[in-house]
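Fold and geometry: a report
Here is how the chains run, residue by residue.
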Amino acid sequence: MSTNAGLAVGLGLGAVLLTLDSGAFHLRWEFTGLRGAAEGIVLCLAAGVTVLALGWLYRLLFCPLELLRTPEEVGYIAEDGRTQARAANEVRRRREAGDLPPVYPNGWYRVLDSHMLARGEVKNIFILGQQLAVFRGHDGIAYVLDAYCPHLGANLAVGGRVVGNCIECPFHGWQYRGSDGKCEKIPYAEKVPEFAQVRRWPSCEVNQQVLIWFHCDGSEPQWSIPEQQELANGQWVYRGRTEHFINCHIQDIPENGADIAHLGHLHTPGIPSGVDLRYTNSKTWEFIRHDWKVEWEPEPEPNSHCSQMRVNHSLTLFGCHWPLLDLHVVARQVGPGVVFLQFDHSFLGRGIMMHCVTPVEPLLQCVTHTMFYQSNIPAVVPKFILKGESIQFERDVMIWNNKKYIPKPLLVKEDSAVRKHRRWFSQFYSENSPRLQYQRNTLDF
């Protein structure tokens, strides 16, 4: 409920309370002098505040946390009267990208969450530099096709409709099957050409997300995304999602997991100190600090496409360690774009955060954190964890949005995990993996 709506409801409620006749239950307006008017205003305001407070309490206790950032909202410094959008565009134009690896690694990538796509609905999605038509057939299965009709180029997802398990072009009514992309019907033609079809993307729906497989050579999926049983059987329920757009190469983001040294510098200041790195080390918040112990290792065969980061987090308040808030997290990365962050706490319960990185274009990544938690734990607990993770993550965003990729970094012995991570991540590139040919300067927010 918005603030204006809450006030309106409160004022109306106050007016009803003032004019309700206890004998006949009919409404009448009576204001006797200034005293009656003052009492009426106070009662109306009190009712409005009560409605707002109840709405806020309801959202806190029962509603999922939805924190969706725009591309220019986080990670840029707007000075000298500039807007956030202008600051973001200037950084994008002027920053040195560096000698980049290929921009689209081979692997699985999140397209959208399952609840965002209803049966019979179609959506136009732009990821991996491609326009896609994502639709759910009447069989309940989510399908992903190239968006452009090969007939005369109409976008199937803009005005197109789902017919059975096909998508119908809005221009001439050609229908393409979701299962293989073949044209099934041309309403004005006697025969459908055998070669009439659009590209079908290998896709899956698991852990309440729709994902697609990308491989530069068109190879079929080489591994699958594991299903989290607690999500499948309903033990863990949806508690919220955050979304950020980051101006960097995709490899920079998972590499953070192996960059153990940055945790002690960037993420030690307490959450109340915020996300602006100019102020996170303010003496005002020195009494609260986070401490981290982290290990990163790749997994052996047959799961060499996976890696694990084990995190032990502790909180110090006024110099005292609070064991109740110690948190153990296992972050298992599956391929280049999906990470399972599993939380296990003796008091706060268990849950999982799905961390997904999807390239929108070569130097723009969409990162989502989707939280699922024990259904018997109050929603405020996982929402607090998700919000805290968002604050820590946005500190990284300020780094990523402004950094240059260094192909041969100057590392010390304590940075050995970074070198190990780059060797592990290189398996997702192949000879024909696409590279950035030129810097695009036209994407303005």
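Residues numbered from 1 in each chain as written. Predicted model: local features only at pLDDT ≥ 70, side-chain atom pairs only at ≥ 80, totals over all residues. Heavy atoms only, no water.

For the protein, an unreviewed UniProt entry supplies the name cholesterol 7-desaturase and the organism Crenichthys baileyi.

Moving on: the environment of Arg-239. The topology assignment puts Arg-239 in strand S12 (residues 236–246). Look at Arg-239 and you get buried, because its relative accessible area is 13%. Separated by 87 residues in sequence, Arg-239 and Asp-326 have C-alpha atoms that sit 21 Å apart. Apart from residues no more than four positions distant in its own chain, Arg-239 is found in contact with Pro-64, Leu-65, Met-371, Tyr-373, Gln-374, Ser-375, Ile-377, Ala-379, Pro-382 and Lys-383. (Helix = DSSP H or I, 4+ residues; strand = E, 2+ residues; numbered from the N terminus. Buried < 20%, exposed > 50% of the residue type's maximum accessible area, 1.4 Å probe, protein only. Contact = heavy atoms within 4.5 Å.)

Turning to the sheet that holds strand S4 (residues 130–136), a few remarks are in order. Strand order in this open sheet of three strands is S3-S4-S5, and the pairing throughout is antiparallel. Strand pairing shows two members of the sheet lacking a second neighbour, strand S3 (122–127) and strand S5 (142–146), which therefore form its edges. Strand-to-strand twist across the sheet, computed as the mean angle between neighbouring axes with direction ignored, equals 30°. Pairing geometry for S4 and S5, over five bridges, is antiparallel. Looking across to S5, one finds that Val-134 is bridged to Val-144. (Pairing = 2+ DSSP bridges. Axes fitted to C-alpha atoms, helices over the stretch in contact; angles between N-to-C directions.)

The positions that UniProt labels "transmembrane region" (unreviewed entry) are, in the present scheme, residues 40–61. Within residues 40–61, the helical portion is 100% and the strand portion 0%, while the C-alpha atoms at the span's ends are 32 Å from each other. (UniProt positions renumbered as here; feature names shortened; annotations may be inferred.)

With that settled, the discussion passes to the packing of aromatic side chains. Considering all chains together, one arrives at 14 aromatic pairs under this definition. One aromatic cluster in this structure is built from Trp-108, Trp-213, Trp-223, Trp-296, Trp-424, Phe-425, Phe-428 and Tyr-429. Taking the ring centre of Trp-201 as reference, the NZ or CZ of Arg-199 above it sits at 3.8 Å. (Phe/Tyr/Trp six-rings, centres within 6.5 Å; stacked < 30°, edge-to-face > 60°. Lys NZ or Arg CZ within 6 Å of the ring centre and 35° of its normal.)

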